[in-house]
Amino acid sequence: MRRRSFLLTMGSAASAVMRRTAFAADAQQQIFDLFSKIASALSDDDAAMFIEAVDPDMPQFQDFRRDVVALTDLADLTNSIEVLSDTGDDTHRAEELDWFLEIVGKSDPHPVERRREVVKFRLERKGKNKKWKIVSIDPLHFFAPPKIT
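It should be emphasised that the depicted structure is a prediction, and the values quoted were computed from it without experimental measurement.

J.: Could you clarify how one ought to interpret the pairing of strand β1 (residues 75-88) in this entry?
T.: Remember that side chains alternate between the two faces of the sheet whenever the strand is regular. Sheet analysis places β1 next to strand β2 (residues 92-105), joined by 13 bridges and oriented antiparallel. Looking across to β2, one finds that isoleucine 81 is bridged to tryptophan 99. Adjacent in sequence and paired antiparallel, β1 and β2 are bridged by three residues.

Below, the structure is given as structure tokens:
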């Protein structure tokens, strides 16, 4: 009797682990989709899509918002992202992306700047519909408009 009880408990534990693994895999896909959408939006001059993915309570949110709008207003952007690190669970994620950004002035067809950096993001499920929101970006200046010299 004890043996059967133990095996059933093991089965329940294994089932719980499989559910957590499925949630984590689903979260990973959702995060990947979110970053793909953000990179595409930047290339399409859609700063609002990126800004919408960021929690307005993020430190320096207003500066970030101003910078992303200015960046998309001043330049055409080409993005390439590669996930280097993806950790967390179905409510909190930490991401490291190798992000390449080519900035070409809208009034000048020559590249103004090329940036490539490991950008770190923290995300949490927020709001009543529990959508993923970016709660931290490091370095934040990566998405600032180029300095005109």
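J.: How should the side chain of arginine 93 be read in this particular structure?
T.: Here arginine 93 lies in strand β2. Within the structure, arginine 93 has its side chain in polar contact with the side chain of aspartate 86 (distance 2.8 Å). Of the polar contacts made by the side chain of arginine 93, one reaches the backbone oxygen of glycine 88; its length is 2.9 Å.

J.: How should I be thinking about helix α3 (residues 61-74) in this particular structure?
T.: In an α-helix, one full turn covers 3.6 residues, which means residues spaced three or four apart are oriented alike. Here α3 is 14 residues long and its end C-alpha atoms lie 20 Å apart, about the 20 Å a rise of 1.5 Å per residue gives. Among all positions of α3, only Phe61, Phe64, Asp67, Val68, Leu71 and Thr72 are buried. Buried residues of α3, viewed axially, fall in a sector of 130 degrees; they line one side.

Thresholds applied
Residues numbered from 1 in each chain as written. Predicted model: local features only at pLDDT ≥ 70, side-chain atom pairs only at ≥ 80, totals over all residues. Heavy atoms only, no water. Pairing = 2+ DSSP bridges. Helix = DSSP H or I, 4+ residues; strand = E, 2+ residues; numbered from the N terminus. Polar contact = N/O pair within 3.5 Å; in protein donor to acceptor, adjacent residues only side chain to side chain. Expected span 1.5 Å × (residues − 1). Buried < 20%, exposed > 50% of the residue type's maximum accessible area, 1.4 Å probe, protein only. Arc of directions from axis to C-beta.

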